[in-house]
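# Observations on chain architecture
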Amino acid sequence: MTDLIKVQALTAAELLENFDVSEEAEEHLVPDTAPEVSINHLMEAGLYPDAIKLLAHGLPKREAVWWACLAARDIQNPQTDEDNINALIAAESWTKKPSEEGRLRCKMLGEKTKHQTPASWAATAASWCHGSLAAEGEPAIEPPQHLYAHAVAGSITLAAVLYDPVDPSERFIRYMKQGLDLARGGNGRIEE
């Protein structure tokens, strides 16, 4: 097991302060150990959405949003509408060069696509990484520190379920491998 060098917490307990896991997941957590221990236990139990949430909260913002982009890109097809293509492109661009202009474009496209697709949630995640949640001209409202991770987890989970609504396990495993590669310092692009 290679250390998750990008995870920004020494223990799972630090990450668990920012979200709730399912009841089934609670017995598989080992809060006072490295997050990877709990992530592996959750994966072994088939509790992929909980493992995704835990890892999303541990990754740095850019890597987490990139992870969501990888999942969203995986399920795009010729029928994907232009707004969702643009939302994904905006989120991918933000991960390469975060800027306020890019964040605002992600915010606009996330709202335009009504937060209904993995691409929409990836763009929303980028928009929640910095800046203000308020509309232009309104007093600034800082996003909560880990709000982006909720959108990332939603994007990845939705991508897996849209790929295979009956049994998304295969895609959950693929996306977890991507996320773990990112956590180990890789680029998340894994071979099938």
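Residues numbered from 1 in each chain as written. Predicted model: local features only at pLDDT ≥ 70, side-chain atom pairs only at ≥ 80, totals over all residues. Heavy atoms only, no water.

The next subject is the overall build of the protein chain. Broken down by element type, the protein chain carries ten helices and zero strands. Helices and strands in the protein chain line up, N terminus first, as α-α-α-α-α-α-α-α-α-α. Here the C-alpha atoms of the protein chain give a radius of gyration of 16 Å, agreeing with the 16 Å that 2.2 N^0.38 yields for 192 residues. The principal-axis extent of the C-alpha atoms belonging to the protein chain is close to 45 × 40 × 30 Å. (Helix = DSSP H or I, 4+ residues; strand = E, 2+ residues; numbered from the N terminus. Rg over C-alpha atoms; globule rule 2.2 N^0.38 Å.)

Time to look at the nonpolar core. Membership of the largest hydrophobic core comes to 58 residues, with the highest contact counts inside it found for Ile39, Leu55, Val65, Trp67, Val152 and Met176. At ten residues, the largest contribution of residues to this core is made by helix H5 (residues 61–75). Not counting chain neighbours up to four residues away, the residues in contact with Leu55 comprise Val7, Ile39, Trp67, Met176, Gly179, Leu180 and Ala183. (Core = buried A, V, L, I, M, F, W, Y, C linked by side-chain atoms within 4.5 Å. Buried < 20%, exposed > 50% of the residue type's maximum accessible area, 1.4 Å probe, protein only. Contact = heavy atoms within 4.5 Å.)

Right, let's get into the pattern of salt bridges. Tallied over the full model, the rule gives nine salt bridges. Here Asp74 ties to Arg171 by a salt bridge, and the two come within 2.8 Å at their closest N and O atoms. Here Asp74 is found in helix H5, whereas its partner Arg171 is found in helix H10 (residues 169–183), with 97 residues between them in sequence. We classify Asp74 as partly exposed; its relative accessible area is 22%. For Asp83, the salt bridge identified is with Lys112, shortest N-O distance 3.3 Å. On the criterion of sequence distance, the pair formed by Asp83 in helix H6 (residues 82–96) and Lys112 in helix H7 (residues 100–112) is long-range, its members being 29 residues apart. Residue classification places Asp83 among the partly exposed residues on the basis of a relative accessible area of 25%. Here the salt bridges share partners, and the residues they tie into one network are Asp74, Glu170, Arg171 and Arg174. (Salt bridge = Lys/Arg side-chain N within 4 Å of Asp/Glu carboxyl O.)

The subject of this paragraph is the side chain of Thr117. Residue placement: Thr117 occurs in the loop between H7 and helix H8 (118–127). Setting aside its immediate chain neighbours within four residues, Thr117 contacts Asn84 and Leu158.

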